There are 2 protein chains.
Amino acid sequence: MFTYSRLLVHTVLGGLRAHCVRTRSSTLTLSQGRLWVNPQTRLWSCSRTQTPNTGPSSLSFRTHTCGELRSDHVGEKVTLCGWVQYLRQDLFIILRDFSGLTQILIPQEESPNDLKAVLCDLTVESVIMVRGTVTRRPAGQENKNMLTGEIEVLAENVEIFNVSKKLPFEIKDFVKKSESLRMQHRYLDLRSSQMQKNMRLRSELVMKMREYLCNVHGFVDVETPTLFKRTPGGAKEFIVPSREPGRFYSLPQSPQQFKQLLMVAGIDRYFQMARCYRDEGSKPDRQPEFTQVDIEMSFVDQSGIMSLVEGLLQYSWPAEKGPIQVPFQTMTYEEAMRGYGVDKPDTRFNMKLIDLSEVFSSTEIEFLRSALAQPGGSVQAICVPSGAKLFTAKDLEELKQGARTHFCPQELSLVLVRADGSLKSPLKKLLSVSATDDLLQTTGAKPGDLVLMAAGSLHTRPLLGNLRLQCAELLNSRGVTLRDPSVFHFLWVVDFPLFLPKDDEPEQLESAHHPFTAPLPEDTPLLYTEPHKVRGQHYDLVLNGCEIGGGSIRIHKASEQLHVLKNILREDPSLLSHLLEALDSGAPPHGGIALGLDRLVSIMVGALSIRDVIAFPKSFRGHDLMSQAPDFVSEEDLNCYHISVKWPPDKSTRW
Amino acid sequence: MFTYSRLLVHTVLGGLRAHCVRTRSSTLTLSQGRLWVNPQTRLWSCSRTQTPNTGPSSLSFRTHTCGELRSDHVGEKVTLCGWVQYLRQDLFIILRDFSGLTQILIPQEESPNDLKAVLCDLTVESVIMVRGTVTRRPAGQENKNMLTGEIEVLAENVEIFNVSKKLPFEIKDFVKKSESLRMQHRYLDLRSSQMQKNMRLRSELVMKMREYLCNVHGFVDVETPTLFKRTPGGAKEFIVPSREPGRFYSLPQSPQQFKQLLMVAGIDRYFQMARCYRDEGSKPDRQPEFTQVDIEMSFVDQSGIMSLVEGLLQYSWPAEKGPIQVPFQTMTYEEAMRGYGVDKPDTRFNMKLIDLSEVFSSTEIEFLRSALAQPGGSVQAICVPSGAKLFTAKDLEELKQGARTHFCPQELSLVLVRADGSLKSPLKKLLSVSATDDLLQTTGAKPGDLVLMAAGSLHTRPLLGNLRLQCAELLNSRGVTLRDPSVFHFLWVVDFPLFLPKDDEPEQLESAHHPFTAPLPEDTPLLYTEPHKVRGQHYDLVLNGCEIGGGSIRIHKASEQLHVLKNILREDPSLLSHLLEALDSGAPPHGGIALGLDRLVSIMVGALSIRDVIAFPKSFRGHDLMSQAPDFVSEEDLNCYHISVKWPPDKSTRW
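Worth saying up front: this structure is predicted, and the values here are computed from it rather than measured.

Colleague: Describe the sheet that holds strand β2 (residues 92-97) of chain A, listing the residues and the values that go with them.
Modeller: All names here are of chain A. Read once around its circumference, the closed barrel built from five strands follows the order β1-β2-β3-β5-β4, with strand pairing classed as mixed. With strand direction ignored, the average angle separating the axes of adjacent strands in the sheet is 55°. Inspection of the sheet shows strand β1 (residues 77-88) paired to β2 by five bridges, in the antiparallel sense. Within β2, the position partnered with W83 by the bridge is R96.

Here you go:
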């Protein structure tokens, strides 16, 4: 590797040394005449005229970042550090750091330090420090696409810190690379301008959130343990063996118990950027560890928490993304299911579910009749504008097939409205003229539109909610923009049911969210009579159709909590005895919320995956592709934890 | 449990409702005439005149905190929420929240809401909300020891949120309780004024640190994974089984690799309040998870990092603790060992080690002669002022015994200087007059002082360093204050050896800190010739004799890193291949530091243990005494991780 420093150290000496030498205990250093010269201090960098005390170049070898210089700086001596992005015709080096690019002009005349040869020998992605003078680019050579495009820096000295070998992929935004290659070399992938932007935006967002919570509203940042007791039935909790035989810690899925205990402890207002863990095996776009903005307050109601979160997002929202309006729209769970077939509706576009039960109330069509006769049966539809015009026969077949696969036994009925207003549909001949009119009027279908219809009970709305999103995607791919990608639509969904029937045991109830959610006050008496009818003081925050947060006012009375655990959920309350005891020891009314930070940032920056806003994410199989974690551990290393691996029979020779 | 809300809801109605009802989607709520009344909003709390938009009472039921009211507030209607601290003579309630105490005056006349009876029935630590008017206390009844001691609040309404049962201990600062009882009921323990103070000071400190790093110096807060690959030989790393047979994640002891990779990735300035894990079994005052302020910078030298940390601490230092002076004192490792016998000297007091080798260079005393004849042999002493006067025979015997036990085969020699200047020592008859004079002069021992002396090679200085601290403690217990408890003395220790001989294999070297530390530039050539002589660009930060941080400039060249790993440390470099590859891909010069946050805060607040600055710490055996973690996990739950417990023979029936 080429080192160039010796040469430079010898060229610049003199009175500068004193500035470089940090005041230290003198006995060993100055008194012995030893000069404490750090090769990385490079004496000449000390002679810079403008050492910033603050900002991104403080305490650094450089005087400026590579994205900073403008025509105002012309004539200044500057020092830049960065990566060689391009070498052009032995004339220019484009130097890059996190902030941008600067063009370095290579002096063409011979020089004692042989600058031209040294610079022209560089490989891309090598790391150098350049000292030189800011000059205005010759007229006509300005680059308007470059922030520093009016200037260039005439190199006078250079130091080569690190010569890069040939890399597995180029650090250019236009170079496409597979995600697994990116992950294997994440330290290169993070050099891309998009990843740099994502990581910095995330950091700034979190900083603003903290300012808002701590400095504006007096929250206390409290760290809670991640080595904790396993939640009963916590199938998604990673376990951590301890040195006591058979005893394990567990990595909690959220600090739920701790945040409530902190309220009982009188902390009053708690928040934490909390690392959470969830072992879900392989799931696309999930991460085994993730971060939530975790908030809990005492002496507050649902509206207080909602206002806090609105203020939080408004305060911390990046200026470049445009302002967001508060208060956010609020919708009940019932409204969401009725209008969108889902509890996290994408409200950026319409195409809502239409109830056609009235239209078909006296129909002769057999499958509609029988659907309507079911308890909770209905006929639902969505009208896809221009769907008949833009969707191909293959599209329609795929929509039908998807419905069959995912929402069996739901059957999808299609009604295409031709350009001339006539219908194309298997139902056509079964529909009377008035029913047809009624259908068109209720759905608002116009020539060229497509009506998707389904009949049944439980799954009808979710099916159509799903189709609504699929059709929006399809329309998008055909050039119809239903959703402005620069728009952020926040929505509160409230009044969720507190309990839902268990899938496998419908007469038994389970918590819709978690057992600590308080009922709506007006529903509280129902807890003791008809618990399935109780709505909870739970609120979900939805952004562009993604759930980015959820929270609730909690039960703060031990007797009510005990009733929910024991009589409704039929769980063993002794497993939560510490919480029940806490609620009997002077618990304030309290509530909170948790926002999924990774998801929020990914929507903010328009990333396709949360992996693009996490510095070192795991693959969808939960692997770190750079280091190959998880990895094998020797039997010997397992001994102190009193565990051994049970190898599956066919893999017993693997280790 | 007594609920009081229905009564109140009925007493205050009218035009206030609209203010309470949060703007929501109107279809389900207002259009149906349903009023969205939350019992915790308590209608009357909406009529408060001064709802703060910011600060600790924003968005809350209360208008003020319990520590806030002064005589300026007299005449105001206020709402307070808190815990019943005391009930006095059916006349007063002292209400507490995190901010302090307020005296509530119980109205003595009969009232429709039977206020007196309700209030007098309360148990201590019950949680209530009180509305009333601030009044000036009658002359002579002010309490100067109470921030709110000039006023009291005449109660007009009260709501009881939670009635506390009898608690296992009282929440009074003067009530002593065992640590295990405190830990079992941590949610009660945290209510104490000291713990509230500690948690809040910690939060504020961290907030200021973030402001300094992000806002002043442009650092990027990056979260790094805690599920990672096991470090070869990482005996102190917890492991986490994955769902793939035999494969384990590991909880890293620090984000060392990630922070360096982030520099290679061009992040430029990284920091993180990083959760770290260390499985050390049972060690007093260690925690299996702890937090470090983790910092890394590119294009910086040692002095840059040191200045950054000084600025960081100065900026974030709590005002109440008085300002701290920068730059901090700097001392080399050699100086520290020579003067204090330890690499983290407590520089708040003198009593330094004195080298007596010269004094005894031609001594006849056999054990001194033989010690001086050893390679590196010396005679060392400390002079304990007033030690001869204040220490008992038992003290002296314990000092000698301790030396024997911990630093065998070191033998401690005592020289007591009597009030009349004569010596009392087993050595007395062996010392010539001139040697005695020389000894007294070199040690500066005066009548009443005690000289502790040891001779030998390796362990002599550490022994005396240890005795120095013991003697300071002893003097302290006898009323001689050597160390002002309000003083904070920061110290940098630098120029550590880069490698040390392995304890069990002295011809083999191991890293003094870690294998990524760069050598001092002037020592770099020695890497290839005499590596044991190389000093590293490592710096430790010491506060009042405790190491609170350490860092280094890192090796940023793959060839140098490979040489250290392979040729000096004789480790398998393939285990760090991703790091070596990164250093060959354009790595900038970089360095950083990690500060132990828990330790720093504990010294700041004068806590005896780091457990007092952690919300939910583990016991010294690593247990959570509240929830009983770690706990047993069923065989069934272990199946998906392909592990089973190897029960020790005698405990096989335990499960």
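Continuing now.
Colleague: Break down unusual backbone geometry for me, citing the residues and quoting the values.
Modeller: The omega angle of the peptide bond from V326 of chain A to P327 of chain A is -5°, so this bond is cis rather than trans. Residue A629 of chain B is joined to P630 of chain B through a cis peptide bond whose omega torsion reads -5°. Assignment of secondary structure puts P630 of chain B in the loop between α17 (597-605) and β23 (631-632). Look at F299 of chain B: it is not a glycine, yet its phi comes out positive at around 55°. Examined against the element boundaries, F299 of chain B turns out to sit in the loop between β10 (289-298) and α8 (302-316).

Colleague: Quick one: what's the story with the packing of helix α12 (residues 393-407) of chain B against helix α14 (residues 460-477) of chain B, residue by residue and with numbers?
Modeller: Residue and element names in this part refer to chain B. One can describe the packing of α12 onto α14 by two numbers: an axis separation of 11 Å at closest approach and a directional angle of 150°. Between α12 and α14 lies a crossing whose hand is right-handed. Note on element contacts: α14 touches α12 through P462, L463, N466, L467, Q470, C471 and L474, opposite D395, L399, A403 and F407.

Colleague: With reference to specific residues and values, describe the interface of chain B and chain A.
Modeller: Facing the 167 residues of chain B at the interface are 167 residues of chain A. For the chain B and chain A pair, buried surface summed over both sides reaches about 14,700 Å², with 55% attributable to carbon and sulfur atoms. R202 of chain A is the partner of E223 of chain B in a salt bridge, and the nearest nitrogen-oxygen pair spans 2.7 Å. If you look at where chain B meets chain A, you find 91 residue pairs in polar contact (both at pLDDT 80 or more). Of the residues contributing to the side of chain B that touches chain A, the split by class is 77 nonpolar, 48 polar and 42 charged. Both strand β8 (residues 247-250) of chain A and β23 of chain B contribute to a ladder of two bridges, which runs antiparallel.

Colleague: Break down the relation of the copies chain B and chain A for me, citing the residues and quoting the values.
Modeller: Overlaying chain B on chain A yields an RMSD of 0.1 Å, the required transformation being a rotation through 180° with an accompanying axial translation of 0.0 Å. The transformation relating the two chain copies, once decomposed into turn and shift, fits a two-fold axis. A shared interface surface links the copies, since 100% of the contact residues of chain B are contact residues in chain A too.

Colleague: So what's going on with the environment of V240 of chain A? Which residues, and what values?
Modeller: Within the secondary structure, V240 of chain A is located in strand β7 (residues 239-241). Those residues in contact with V240 of chain A that lie beyond four places of it in its chain are L227, R247, F248, Y249 and L251 of chain A together with F238, I239, V240 and L251 of chain B.

Colleague: Provide a residue-level description of the environment of E334 of chain B, including the pertinent values.
Modeller: Here E334 of chain B lies in helix α9 (residues 333-340). Through-space distance from the C-alpha of E334 of chain B to that of G592 of chain B is 22 Å; in sequence the pair is 258 residues apart.

So, how was this worked out
- Throughout, a residue's number is its position along its own chain's written sequence, starting from 1.
- Here every chain gets a letter starting at A, and every ligand a number starting at 1, in the order they are written.
- In keeping with the model being predicted, local features are shown solely for residues with a pLDDT of at least 70 and side-chain atom pairs are shown and tallied solely at 80 or more, while totals for entire chains, interfaces and linings include all residues.
- For side-chain calculations, the full set of non-hydrogen atoms in the structure is used, while hydrogens and water are omitted.
- Whether two strands pair depends on DSSP finding at least two bridges between them.
- Only DSSP runs of H or I with at least four residues qualify as helices, and only runs of E with at least two residues qualify as strands; both kinds are numbered from the N terminus onward.
- Fitted lines through C-alpha atoms serve as axes, helices being fitted only where they are in contact, and the angles separating the N-to-C directions of these axes extend from 0 to 180 degrees.
- It is the rotation of the near helix from the far one that decides the hand of a crossing: anticlockwise by less than a right angle makes it left-handed, clockwise makes it right-handed.
- We call two residues in contact whenever any of their non-hydrogen atoms come within 4.5 Å of each other.
- Reported buried area values correspond to the accessible surface (1.4 Å probe) lost by two parts on association, with both partners' losses combined.
- Think of a salt bridge as a Lys or Arg side-chain nitrogen and an Asp or Glu carboxyl oxygen that are within 4 Å of each other.
- A 3.5 Å cut-off defines polar contacts: any pair of N or O atoms within that distance qualifies, except that in protein one atom must be a possible hydrogen donor and the other a possible acceptor, and neighbouring residues in sequence count only when both atoms are side-chain atoms.
- Amino acids are sorted into nonpolar (Ala, Val, Leu, Ile, Met, Phe, Trp, Tyr, Cys and Pro), charged (Asp, Glu, Lys and Arg) and polar (every other residue, Gly among them).
- The least-squares superposition of copies is restricted to C-alpha atoms, and to residues with a pLDDT of at least 70 in both copies.

So yeah, pure geometry; function would need other evidence.
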